[in-house]
Amino acid sequence: MSARGGERARNAPAFQLPSAGGDHDHGHGARPGGKRNLLMDDFPVDQFQAGKMKRVFFEFVFLALLLSGCDLALAQNNDSCGSISINTLVVNVNSSHNITCSFCKKGAAENVLWIYGGSALPRSQFIQINSSASMVMLSNLRLTGREGENLTCMSEEESYTTVIQTGYPPDAPRDLKCITQNFDKINCSWVTGRDTNLETNYISCFQSSTNCSSVGKVNFVEHNFVVFEDIILQITARNELGTGRSEAFRVKESDIVFVPHTPKLIRVLEDLPDSQVIVEWFEGGDIYGLDLKMIFQIQILLAYKMQEVWVGNYSSTLNRAHNRVLQMNWTSDEPLQCTSYLVRIRCIGNNDGFLFSGKNAWSEWSPPLKLDGLDVSNETHIMIYPVDGTVLEAGTSPTFCCVVGKQQRAESLIFHDWNVTTIELSNRSLAIKVKNIPPSIESGTNIICTSTLNGYGGATVFIGYPPDAPKNLSCETRDLQTLICMWDPGRLTRLFSKRRTIYRFFNGSSQNSFPCEKDSKGYSLNWCSFPILNRSGETNISIHAKNPLGEAQSSITVDPTRVFRPFAPHQLRDDKTTSNSTNLHWSDQVDYTDIQLHCEIEIQDNSGQVMTFYYYVIGKSKGALHTQTLNNLRPNTEYSIKARYSSEHFWKWSEWSNVTKFKTRIAAPSVSLDVWRTIMPDRTVTIYWKRLSDTEANGPILFHNVTWSKVGCTSVNSIKTLGTNVQIHLDQTGYIITIVAQNSAGISPYSVIKIPPQRDDEDLGFEKVSGSEDKFHVTWQRHRAGNCGYTIQWCEFLSLPACSLDWRKFPSNATDATIRSDTFQAGVLYNLEVYECRNDGDHLLKKLIGYTRELAPVEAPKVEIKKTTGESVQIEWKDIPVKKQRGFIEGFKIYYSRLYNDSAANKPMNSVNYSANITIGPEKRTFKILGLEPGATYKVEVRAFTKGGDSPSNAVTVTTPYSPVALILGIILPLIGFIVLGIMLSIICYQKQEWIKDTFYPDIPDPTNSKVFQDERFFQGMNLCKTLEPKDCTLNEVQVVEDKPIIGKVKDIKGEEQNEDKSENETQHQAILTYQPSRTSRETSGEPNPPFEAPAPLVPCVYTSEVTYSSIWSPGCPPQEAAGVDQMEDGTEVIVKSGYQPQIHAASNLTGEIEPPDLTLHVNGYQPQMHNKSWSLSTGESLPVEREAIGSPTSINSQAFLIPEILENELKSSGKLWSLSFFNSRISSNSQQ
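Let me begin by describing the structure that accompanies this report. (Residues numbered from 1 in each chain as written. Predicted model: local features only at pLDDT ≥ 70, side-chain atom pairs only at ≥ 80, totals over all residues. Heavy atoms only, no water.)

Its place among the elements puts Lys 185 in strand E11 (residues 185-191). Here Lys 185 falls in the partly exposed class, since its relative accessible area comes to 33%. Along the chain, Lys 185 and His 223 lie 38 residues apart, while their C-alpha atoms are 5.8 Å from each other. The contacts of Lys 185, once residues within four sequence positions are left out, are Ile 179, Thr 180, Glu 222, His 223, Asn 224 and Phe 225. (Helix = DSSP H or I, 4+ residues; strand = E, 2+ residues; numbered from the N terminus. Buried < 20%, exposed > 50% of the residue type's maximum accessible area, 1.4 Å probe, protein only. Contact = heavy atoms within 4.5 Å.)

In structure tokens form, the structure reads like this:
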């Protein structure tokens, strides 16, 4: 506070208005150390915030104080006549204060204007104290600028200004962090908390509270770094509103963070062909004075977007004696010309805890260096990278970019016809990243770029593969002069023309190279030749493959003599061919003089059979002839011959020579004919023989010559034929038959067969033989030791005798044979015969029939019904034709099933009446089915079965007849049963007649014998009780239906006669009298079950059930024609439901006169069952029952009938009683109904 303000305060009067907030050290007062003794400095402003009414109230209070003698004069300053109460006010935010302005001119306060922060305050916020003083009320002051806000009071001639500055007292410093950059000094900083908006100074106390020093306005302090020593720091913050003191921070070495100095970049270079960026920077080892391990991190960003594209680390150990230059390379995915880049660097310590136990942190980033691209150049045309003609590797993912000219904007970039997302590098450059690019066609792949000014540019790139290392490299020589090497180039590079792969050979011994330009094409197999410099010994051969995408190499070690492959024999031909030999001639293509060669000659006949011959040949000069004779050839055979060479040290065969063909001459047949015969009973002999094969005939057969003669006779008969059989007729004597085949070169050896003089095989029967797959196995026993062999003949059984006969001969020691033939078929029956060769001919040993494989029959047996009874059916079936059996019949299966609704499932016979697995032998053709039901319909099937399966079924339907005995028994037996049952019931009823009588015909009780009439209280209670109610409420409603029979003819109301019709009258003339008992109380005067109770209001019991009784009248009793008030004049029946009614009905007057009823006795409840005039109240004897009254047959709880209701004065006996005959008649009529 200024001295002027203080002087004004001392001259002020003693009276002061109360302060709103009081005096506080922090937050609500003026500057620390100042006093609030200014006039009305702290008047409560909350009385003036409600507008005009509050202001009037304040003025009223202020005026009252003046009138009371208090002089509220303004502070006078002898030196000046006008001022504002505070020169500068520093207070807390949201505090409230009153400020007074004194003017020199009287009346100036009447028209004053207050301005705060450039805005005029409303009049409701200030008041006039007197004619020259005004006071403003500032409430909830907001945060001002750091220089404060001006408050000005203005009159027409005067103006005074002060400064108001708001803020906060300082927070206690917290979160102390200490770092070191060179292990010499330690820098500790702290968090200041919220901004106080005021000038705040800090005091640091190091190690103790006495070693303190002012830090100033900064929030850090620097001290010497001492290893292995903890640091204790306490920080105090002060401003004009208060003080904040931190706790005592203890900093250990492990809490200190090592933050290196920011590295210094030297330069950034670019390698455009390889799209590499080279970054160089100073190591800075001399700064630290220690050999520290550091990690440098280089970051590269797109300059246009400030977007990171790459970051990499570089580790190094500093040299404290030198400031070395370090370098790191980065290869960009896209060409560097496309856009501009920024490069910056930072570092971090990478030392172990032995040297420093604290923490490591990254340094600040260095200032970036810019690498300019073409997007900031002055070029005006479109540029595409990679440039036109670039070769790229297939399968990679390159980035293509284009840069448009200055003052243009790139619009699109297209790779071939692919849909690839465009990347905007800058406003002038675009890029696309194509993943897994495929190989291009021979003409390349196009990239097209467009700009906003219709600019158009393009480039063509060629995409392929680098060469594979040559595979399967091998070398050989054909003439020991030139070495030829072959290899598999592997995958096609898909690069052509000048971008194709170039191959080059290197000879290891001489280091000479031989290009293979003409052979370096993209074929699946390549070869190249070069001269042999060293014919003896091994040579190291290397082949190199190279194209724009890379190169590869393969090597091999070769000995020319070991890889010698001669050329094929030249001009092979035949000469001097006979029936079994020929001469071959050939020459060599090159000079093979004195070189030993292997020659392979391959001969193939017209049947496809191949023969191979091997010969050693000594090489000759070019063109010299070689000759070789081939023997053991077959006559009349066409041959194809070819030859080839190989070296002495076999490496590979040469190619085949040319093929020469020739045919040997014809020779006589080399083998005799295979002959057989058949003899018929009439001595007709058929001679069979098998044709000679081409290898046996040695030429076309012209004819077969058959000759025969009797045994011991010299005369010979002969016949010539081209066929394979001949038929001759012989007598009973023995014959010798000879057959030969003849061609143009001669005849075959003789074939002889003997015909015995008589047949001895007529009595042999057939035996069955089972085949297996496509063969028969036949066995026999030797009959004679001196036999000449055995013959087995076979043919189809059903084709005899004109069958396709076949035979096979076996040696004399054989006793079994397996017969196979391509003509065998499954399911076909064959006949086999075994013959033994003897001196006079062949004799039959065995006759066989069988199937190679049995099948199921194709036809079902035909079934017939032979005999039918009520319980059995006899069936018969016929044989299946042999041709359709297709196997040996092993039996028959019979199925039968009963038909229900014309359908039923088959049931095997053995599942019904027979045990399991019963079959009928193949010899049976009839069977009797037992256990059937009479009058039932059955389906019967018979199936034949072989080893191959069951035949189809042939079903017949049969109905069993009814048995007469069963029909008679079916009638008599039930009749006897009913008779026996009737007799038994009659016996039982006779023995139980008393029980039946008691149950169905109970005795009717006599009411006069009731003990009720013997009790005097019964008659006394009648005066009090108008009803005799049972104790418990009866659950039923009783209706009495009166029958009104009409005797003779009765006139109806209209006077018409009506005939008597009992059935109709009984239904049309009935009066229903209903009794509904009332519920009574169980409470009595202490007497258990009192018979009568005092009259009391009764509540009717209503139940759903209703029991109806029909009134019974004795025969001849005239009906009641009129019933008084209960019956209407038109004869309408009246239903009375008013409780129990008297059970005695008065006799009706036949004349129609009706006595008037006494209505006084017509009450609800139980009515007396006898005439009350006959009751005596003076005696306890029971009164006799009136003879005229019928009386009640049972009580109300019985199942018998009740007497209809009648009035007391009408209780006149009709002299009729209930008779047993009446009940019997009623029961009979009811039972008939």
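Let us now look at unusual backbone geometry. Here Tyr 385 and Pro 386 are connected by a cis peptide whose omega angle stands at -5°. Tracing the backbone through its elements, the reader meets Pro 386 in the loop between strand E27 (383-385) and strand E28 (391-393). Although it is not a glycine, His 416 adopts a positive phi angle of roughly 50°. Note on placement: His 416 falls in the loop between strand E30 (410-415) and strand E31 (422-424). Positive phi, close to 50°, is recorded for Asn 472, a residue that is not glycine.

In this section: the state of the cysteines. For the coordinates displayed, the defined rule picks out eight disulfides. With a sulfur-sulfur separation of 2.1 Å, Cys 402 is cross-linked through a disulfide to Cys 449. Residues Cys 402 and Cys 449 are joined through a disulfide that is right-handed, its torsion about the S-S bond being 45°. On the criterion of sequence distance, the pair formed by Cys 402 in strand E29 (residues 399-403) and Cys 449 in strand E33 (residues 445-451) is long-range, its members being 47 residues apart. Here Cys 402 and Cys 449 have matching classes, each one buried. One disulfide in the model links Cys 475 with Cys 485; its S-S distance is 1.9 Å. Given an S-S torsion of about 105°, the disulfide between Cys 475 and Cys 485 has right-handed geometry. With a gap of ten residues between them, Cys 475 in strand E35 (residues 471-477) and Cys 485 in strand E36 (residues 482-488) connect regions that are remote in the sequence. Owing to a relative accessible area of 0%, Cys 485 belongs among the buried residues under this scheme. (Disulfide = S-S within 2.5 Å.)

A few words now on the nonpolar core. Side chains of a nonpolar character, in soluble globular proteins, are inclined to be buried together. Counting residues in hydrophobic clusters, the biggest one holds 48 residues, and the most contacted among them are Leu 176, Val 277, Trp 281, Met 294, Phe 296 and Ile 298. Ranked by residues supplied to this core, first place goes to strand E21 (residues 293-302) with five residues. Ranked by size, the runner-up nonpolar core spans 27 residues in total, among them Val 706, Ile 737, Ile 755 and Cys 803. (Core = buried A, V, L, I, M, F, W, Y, C linked by side-chain atoms within 4.5 Å.)

Spatially, E35-E36-E39 is the arrangement adopted by the three strands of the open sheet, whose pairing is antiparallel. Two strands in the sheet have a free side with no partner beyond their single neighbour: E35 and strand E39 (526-531). Here the average twist between neighbouring strands, direction ignored, is 20°. Bridge count between E36 and E39: six bridges; the pairing is antiparallel. In the sheet register, Met 486 faces E39, and the bridge partner there is Trp 527. (Pairing = 2+ DSSP bridges. Axes fitted to C-alpha atoms, helices over the stretch in contact; angles between N-to-C directions.)

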